Amino acid sequence: MLNVLIVEDEPSYLEALKITLEPEGFAVATAADGRAGITAFEAAMPDVILLDLMLPDLSGLDVLRRLRQRSDVPVIVVSAKSAEADIVTALELGADDYLTKPYSSRELVARIRANTRRIADPEQEVLTAGNAVLDPGRYEMRIGESTFALARKEFELAELLMERQGRIVTRETLLERIWGIDWGDSKSLDQHIRRLRRRFEQVEGAPQITTVRGVGYRLEP
Ligand code: CA
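Here the structure is a predicted model, which means the values were calculated and not measured.

Reading guide: rules and limits
- Residues numbered from 1 in each chain as written.
- Predicted model: local features only at pLDDT ≥ 70, side-chain atom pairs only at ≥ 80, totals over all residues.
- Heavy atoms only, no water.
- Helix = DSSP H or I, 4+ residues; strand = E, 2+ residues; numbered from the N terminus.
- Expected span 1.5 Å × (residues − 1).
- Buried < 20%, exposed > 50% of the residue type's maximum accessible area, 1.4 Å probe, protein only.
- Arc of directions from axis to C-beta.
- Contact = heavy atoms within 4.5 Å.
- Pairing = 2+ DSSP bridges.
- Axes fitted to C-alpha atoms, helices over the stretch in contact; angles between N-to-C directions.
- Parallel < 35°, antiparallel > 145°, perpendicular 65-115°, else oblique.
- Left-handed = near helix turned anticlockwise from the far one by under 90°.
- Nonpolar A, V, L, I, M, F, W, Y, C, P; charged D, E, K, R; others polar.

Break down helix α9 (residues 187–201) for me, citing the residues and quoting the values.
The end-to-end C-alpha separation of α9 is 21 Å, in line with the 21 Å expected for 15 residues at 1.5 Å each. Among all positions in α9, only Ser188, Leu189, His192, Ile193, Leu196, Arg199 and Phe200 are buried. The arc enclosing the buried residues of α9, seen along the axis, measures out at 135°, which places them on a common side. Of the exposed residues in α9, the ones pointing more than 90 degrees away from its buried face are Lys187 and Glu201.

Written out as structure tokens, the structure reads:
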């Protein structure tokens, strides 16, 4: 059973979320403000967090910052704020997904499942490219003798590049498959590519990510 923590100060939204999620088989814990959200995270160790942005005391973004200092738990922001700048900020701070209120219950459940797929199925096969091995069960990448714990999106980026090693993967494909929405700003992708490249560069004989200018990237094993 997946444990969901909902951080939301509006009682009617909180109730609606519980009514949506419990029949779907999720165990639901709740917190009504930012500080309570952090405390509940530490107590409940949820598999996924639904996070409102406009909260009393700590804002949702503050909560997100604090969570990311200690955990890669999937965080789906559920907010009435629908401006592109709000969405980009939340994603850059490490949110895994963003849903605007009012949302459809079916979409919410689908997003939760998409963002927790790895937890539900940790026995996925190991991918290799040259001397790099990606282990979905542990969220790790081993290159030669070195082991790296990867953040969620970095892991997904490595996974897509390794699945299609030797071939070009377009920026659009990466944005669509990893970030899931077309918000028109791809800075986060550039940051993740740089981070992954740095890991490869630390180990001799590791695969390389080459840039195909204006198109995308290719992993050379
Ligand atoms: Ca609120």
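Please provide a residue-by-residue account of the environment of leucine 196, values included.
You can see leucine 196 is positioned in helix α9. With a relative accessible area of 0%, leucine 196 lands in the buried category. Leucine 196 sits 127 residues away from glutamine 69 along the chain, and the two C-alpha atoms are 19 Å apart. Ignoring sequence-local partners within four residues, the contact set of leucine 196 consists of Met141, Glu154, Leu157, Ala158, Leu161 and Ile209.

An account of the pairing of strand β9 (residues 146–149) is needed here, citing residue identities and associated values.
Here four bridges tie strand β8 (residues 140–143) to β9, and the two strands are oriented antiparallel to one another. Bridge pairing links glutamate 140 to alanine 149 in β9. Following β8, the chain reverses through two residues before pairing antiparallel with β9; glycine 144 in that reversal takes a positive phi of roughly 55°.

Give a detailed account of the packing of helix α2 (residues 34–44) against helix α3 (residues 60–70), specifying residues and quantitative values.
Between α2 and α3, whose axes approach to 10 Å, the crossing angle comes to 25°. Taken together, the axes of α2 and α3 are roughly parallel relative to one another. At the point where α2 passes α3, the crossing takes the right-handed sense. Where α2 abuts α3, its residues Gly34, Arg35, Ile38, Phe41 and Glu42 lie against Val63, Arg66, Leu67 and Arg70. Here the residues of the contact of α2 with α3 are counted per class, giving four nonpolar, one polar and four charged.

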